[in-house]
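Architecture and fold: a report
Here is how the chains run, residue by residue.
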Amino acid sequence: MSHNISHIGYILTVCRDNAWLYISATFAVLWIAAWLYRDSLEIEDVSNKYVFVSGCDSGFGNLLCKKLERKGFHVLAGCLTEKGAEELKKMTGPYLKTVLLDVTSQDSIQKAMEWTKKEVGDSGLWGIVNNAGRSLPMGPTEWMKVEDFHSTLKVNMNGVIGMTVTFLPLVKKARGRVVNVASVLGRVAANGGGYCISKFAVESFSDCLRRDINYFGVNVCIIEPGFFKTAVTNLEPIERELHRLWNQLSPEVQASYGDKYLDKYIRIQRFIMNAICDSDLTKVTGCMEHALTAVYPRTRYSAGWDAKLLWIPLSYMPSCVVDIGLKLVLPRPSKSV
Ligand SMILES: NC(=O)c1ccc[n+]([C@@H]2O[C@H](COP(=O)([O-])OP(=O)(O)OC[C@H]3O[C@@H](n4cnc5c(N)ncnc54)[C@H](OP(=O)(O)O)[C@@H]3O)[C@@H](O)[C@H]2O)c1
């Protein structure tokens, strides 16, 4: 009997000593359950909603259009080429319409907006997905000419700003969503050229817009994919561009890197890209769909294991961690000091 009493006393002492631990654990479990429930709530009546997607000839944009159409949305697909538009139309039904759109031309953006305005009528535009993008040229910063930066910035940065500002009145009317496709390279600047700069710009533009426009019931979501197998990560054009950049360097600059540098750089890049590029594009389109269909869309979506486990954690670390990491991975110029 006395043994039992001392045992119960011992349990009560342990419970009292760990009370805060149990309360915190219960609170954490309840908080996670509530968050998951809130995150899973979906909007209704998608068949009366219109979504415009840019860059639908291939990759994420192309797949997203097909998935949204299957879900019942009216999909307005901006394609850069006639061929891309025709092929997409062949694979989809009557609720998907295409329009030619080059996001580097304000005239083209304006025409696409006027067309969209007629299509959506009084409903306004539920969603705009700024997906169009290009990655090239990418490589060491010193190898770039000013035009090399501009060619990427024109599409990925000016294009996103031009599209958003032009389409915003239609989105505001529907109290809809702006979904901007950035990248993990908009969190960690791991590559020279216009790409990282443009994606950092998309991040900050989207943050400013979200804070300014939320008063009107418009949500702004940022998609941050890791590395996926699409045209943007296709090694052949990436390597072709690296050769072009190398060939435009002066003999002095080439000599400072050494004649083996380009080959080593390409070999390392090939190894990394083959190791980390994911072929499951639905990881990205799933995030875009959530941004468009969730009652409470998230501010940021990171897609892919490399984004979640490598790039996003790296983005919170001191700059020297990324500096050292990249120094260990990339080749050293022959005349480095
Ligand atoms: N793949 C990745 O690993 C990755 C990672 C992070 C972020 N992203 C971003 O995801 C988005 C989609 O890229 P993706 O990977 O799906 O590659 P993608 O297949 O090359 O898709 C990009 C699309 O944008 C179009 N485009 C290019 N320039 C344009 C312009 N001036 N106006 C209108 N459309 C234009 C392309 O058309 P054409 O095919 O006719 O050139 C293509 O359809 C991009 O913003 C990209 O930066 C990709």
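Note that the coordinates shown come from a computational prediction; the quantities given were computed from them, not determined experimentally. (Residues numbered from 1 in each chain as written. Predicted model: local features only at pLDDT ≥ 70, side-chain atom pairs only at ≥ 80, totals over all residues.)

1. Remarks on the overall build of the protein
Filter applied, for reference: Elements are defined by DSSP. Helices are runs of H or I of four residues or more, strands are runs of E of two residues or more, and each kind is numbered from the N terminus. Exposure is read from a count of other C-beta atoms within 10 Å of each residue's own; the residue is exposed at 12 or fewer, buried at 20 or more and partly exposed in between. C-beta atoms are placed from the backbone. For every residue pair, C-beta atoms are placed from the backbone, and the pair is scored as a contact if these atoms sit within 7 Å.
From N to C terminus, the protein includes 13 helices and seven strands. The buried share of the protein, taken over its 337 residues, is 35%. Within the protein, contacts between residues separated by at least 24 positions form 75% of all contacts whose residues are at least 6 apart in sequence.

2. Thoughts on the site of the ligand
Put simply, the test is: Any residue whose backbone-placed C-beta atom lies within 6 Å of a molecule or strand is treated as near that molecule or strand. Polar here means any residue outside two lists: the nonpolar Ala, Val, Leu, Ile, Met, Phe, Trp, Tyr, Cys and Pro, and the charged Asp, Glu, Lys and Arg; Gly therefore counts as polar.
Every one of the 28 residues lining the ligand counts as a neighbour, but G55, G59, A132, G133 and T230 are closest to it. Of the residues forming the shell around the ligand, the biggest block, three residues, is contributed by helix α3 (residues 59–71). Looking at the shell around the ligand residue by residue, the class counts come to twelve nonpolar, 13 polar and three charged.

3. Structural notes on the pairing of strand β3 (residues 96–100)
Operational definition: Pairing between two strands requires that DSSP report at least two bridges joining them. The crossover handedness rule: strands pointing away from the viewer, path from first strand over the helix to second strand clockwise, crossover right-handed.
Here strand β2 (residues 74–79) runs beside β3; their pairing, made up of five bridges, is parallel. Paired with C79 across the two strands is L100, which belongs to β3. Since β2 and β3 lie parallel, the crossover through helix α4 (residues 82–90) that links them has a hand, and here it is right-handed.

4. Digging into the nonpolar core
This is how the line gets drawn: Under the definition applied here, buried Ala, Val, Leu, Ile, Met, Phe, Trp, Tyr and Cys residues are grouped into a nonpolar core through C-beta atoms within 7 Å.
Counting residues in hydrophobic clusters, the biggest one holds 65 residues, and the most contacted among them are V51 and I223. Broken down by element, the residue count for this core peaks at seven residues, all from helix α6 (residues 146–174). Those residues in contact with V51, other than ones at most four positions away along the chain, are L68, F73, V75, L76, W126, G127, V129 and L292.

5. Here we look at unusual backbone geometry
With omega at 0°, the peptide bond leading from L136 into P137 counts as cis. Despite not being glycine, D45 has its phi angle at roughly 65°, a positive value. With respect to the helices, strands and loops of the structure, D45 is situated in the loop between α2 (19–40) and β1 (50–53). One non-glycine residue with positive phi stands out, namely R175, at about 50°. Along the chain, R175 turns up in the loop between α6 and β5 (177–181).

6. With respect to the sheet that holds β5
Rules: Orientation is described by axes fitted as lines to C-alpha atoms, over the contacting stretch for helices, and by angles from 0 to 180 degrees between their N-to-C directions.
With parallel pairing, seven strands are arranged side by side in an open sheet as β3-β2-β1-β4-β5-β6-β7. In this open sheet, the two edge strands, each paired with only one partner strand, are β3 and β7 (300–303). If you compare each strand with its neighbour and ignore which way they point, the axes differ by 15° on average. Strand direction decides the pairing type here: β1 and β2, joined by four bridges, are parallel. Bridging from a neighbouring strand, Y50 pairs with H74 of β2. Running over the sheet, α6 touches β1, β4 (127–130) and β5 and is turned about 175° from β4.

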